[in-house]
Amino acid sequence: MRRLVHAGERFVSLTHNIAAALLAVSAILVFLQVVSRFGGGHSLAWTEILARGTVIWMVFMAACAGFRLNAMIPLEFIRDVVPAPIKSLVLWTVFVLTLVFLFVMSWYGIQMAMRVANQKIAMLGVSMAWFYSAIPVGCICALPGVLLGHFRPVADERLPE
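Since the structure is predicted, the reported quantities are computational estimates derived from the model, not experimental observations.

Rules and cut-offs
- Each chain has its residues counted from 1, running along the sequence as written.
- pLDDT decides what is reported in this predicted model: residues at 70 or higher carry local features, side-chain atom pairs at 80 or more are listed and counted, and totals for whole chains, interfaces and linings draw on all residues regardless.
- Each side-chain value is worked out from all heavy atoms of the structure, with water and hydrogens disregarded.
- Secondary structure counts use DSSP, requiring at least four H or I residues in a row for a helix and at least two E residues in a row for a strand, with both numbered from the N terminus.
- Values of the radius of gyration come from C-alpha atoms, whereas the globule rule sets the reference at 2.2 Å times the count of residues to the power 0.38.
- Only protein chains enter the calculation, and the probe is 1.4 Å; a residue is then buried if its accessible area is under 20% of its type maximum, exposed if over 50%, and partly exposed in between.
- Here, two residues are considered to be in contact whenever any of their heavy atoms come within 4.5 Å of each other.
- Positive charges are assigned to Lys and Arg, negative charges to Asp and Glu, while His and the chain termini are left out of the count.
- Here the site of a charge means NZ on Lys, CZ on Arg, CG on Asp, or CD on Glu.
- Geometry is summarised by axes, namely lines fitted to C-alpha atoms with helices restricted to the contacting stretch, and by angles between N-to-C directions that run from 0 to 180 degrees.
- In these notes the angle categories are as follows: under 35 degrees is roughly parallel, over 145 is roughly antiparallel, 65 to 115 is roughly perpendicular, and the rest is oblique.
- The crossing is said to be left-handed when, going from far helix to near helix, the turn is anticlockwise and less than a right angle, and right-handed when the turn is clockwise.
- Under the convention adopted here, Pro, Cys and the residues Ala, Val, Leu, Ile, Met, Phe, Trp and Tyr are nonpolar, Asp, Glu, Lys and Arg are charged, and Gly plus all remaining residues are polar.
- For this analysis, a ring pair means two rings from Phe, Tyr or Trp (six-membered ring only for Trp) whose centres lie within 6.5 Å, classed as stacked if their planes differ by under 30 degrees, edge-to-face if by over 60, and tilted for the remaining angles.
- Salt bridges are defined as contacts in which a side-chain nitrogen from Lys or Arg sits within 4 Å of a carboxyl oxygen from Asp or Glu.

Participant: Got a minute to help me understand the overall build of the protein chain in this structure?
Facilitator: The helix and strand inventory of the protein chain stands at 6 helices and 0 strands. Ordered by position from the N terminus, the helices and strands of the protein chain form the series α-α-α-α-α-α. For 161 residues, the compact-globule estimate of 2.2 N^0.38 gives 15 Å, and the protein chain exceeds it by more than 25% at 19 Å. Judged by the C-alpha coordinates and their principal axes, the protein chain covers about 65 × 40 × 30 Å. Burial statistics for the protein chain: of 161 residues in total, 33% are counted as buried. Restricting to contacts in the protein chain with at least 6 residues of sequence separation, those with at least 24 account for 68%. Put simply, the protein chain has 12 plus and 7 minus side-chain charges, and the middle of one group is 13 Å from the middle of the other.

Here is the structure:
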């Protein structure tokens, strides 16, 4: 069990690092867009589209770490507001509903990616499925974060009130 938890934590770290790298790539692409538009007199249209795709992938990759750290705003709100006797029931309900939501999103994300597989992204010439596939990949990658966040929560380090 310890190895499984360790592998899950490493996977969460990996997805977090991928999200950070995608954020950096997106920032560089936006910077190139601004420099080419205002410095060179013409814009590199492909940078805007590619930056949009990297931001989409970044959001779905960061979801794993967000779930792992219980950093989702509604979850924090529920944890703080619900009375202690029913907190466990509410957290289990949220856990199960989150898993159902991720599986539904994965299913429909796969369907959407397959539906647009023959469409090309303007300026890039690649299949639009590359952008849409962020949905199922991100949802599946979020599963270890959800499981670890529920069964092995990170110690709450907020200051006492």
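Participant: Help me understand the packing of helix α2 (residues 45-68) against helix α6 (residues 134-151) in this model?
Facilitator: In a packed pair of helices, the relevant descriptors are the angle between the two axes and the axis-to-axis distance. Running from amino to carboxyl end, α2 crosses α6 at an angle of 10 degrees, the nearest separation of the two axes being 6 Å. The pairing of α2 with α6 is recorded here as roughly parallel in orientation. Like other packed secondary-structure pairs, α2 and α6 cross with a definite hand, here right-handed. Seen from α2, the contacting residues are I56, W57, F60, M61, A63, C64, F67 and R68; seen from α6, they are A134, I135, V137, G138, C139, C141, A142, G145, V146, L148 and G149. Here the contact of α2 with α6 is composed, by residue class, of 15 nonpolar, 3 polar and 1 charged.

Participant: Any chance you could explain the packing of aromatic side chains here in plain terms?
Facilitator: The way to describe two aromatic rings as a pair is by their centre distance and the angle between their planes. Applying the stated criterion across every chain yields a total of 3 aromatic pairs. Considering the side-chain rings of W92 and F95, the 5.6 Å spacing of their centres and the 90 degrees angle between planes classify their relative orientation as edge-to-face. One end of the pair, W92, and the other, F95, are both in helix α4 (residues 84-115), 3 residues apart, so they sit about a helical turn from each other. Residue F95 is classed as buried on the basis of its relative accessible area of 8%. Centroid distance W92 to F151: 5.6 Å. Interplanar angle 70 degrees. Geometry classified as edge-to-face. Within this pair, whereas W92 is found in helix α4, its partner F151 is found in helix α6, the two being separated by 59 residues in sequence. Taking relative accessible area as the criterion, W92 reaches 40% and is therefore assigned partly exposed. Grouping aromatic residues by their ring pairs yields a cluster made of W92, F95 and F151.

Participant: When you look at the environment of A51 in this model, what are you seeing that I'm missing?
Facilitator: With respect to the helices, strands and loops of the structure, A51 is situated in helix α2. With relative accessibility at 6%, the residue A51 sits in the buried group. The spatial distance from the C-alpha of A51 to the C-alpha of R2 is 38 Å, given a sequence separation of 49 residues. Ignoring sequence-local partners within four residues, the contact set of A51 consists of S26, L29 and V30.

Participant: What exactly am I supposed to notice about the pattern of salt bridges here?
Facilitator: Pairing between side chains of opposite charge can happen when their charged atoms approach one another. A full pass over the atoms with the stated rule returns 2 salt bridges. E9 serves as the salt-bridge partner of R68, at 2.7 Å between the closest nitrogen and oxygen. Placement of R68 in helix α2 and of E9 in helix α1 (residues 2-39) is noted, with a sequence separation of 59 residues between them. In this structure E9 comes out as partly exposed when scored by relative accessible area, which is 27%. We note a salt bridge from R52 to E48, for which the minimum N-O separation is 3.4 Å.

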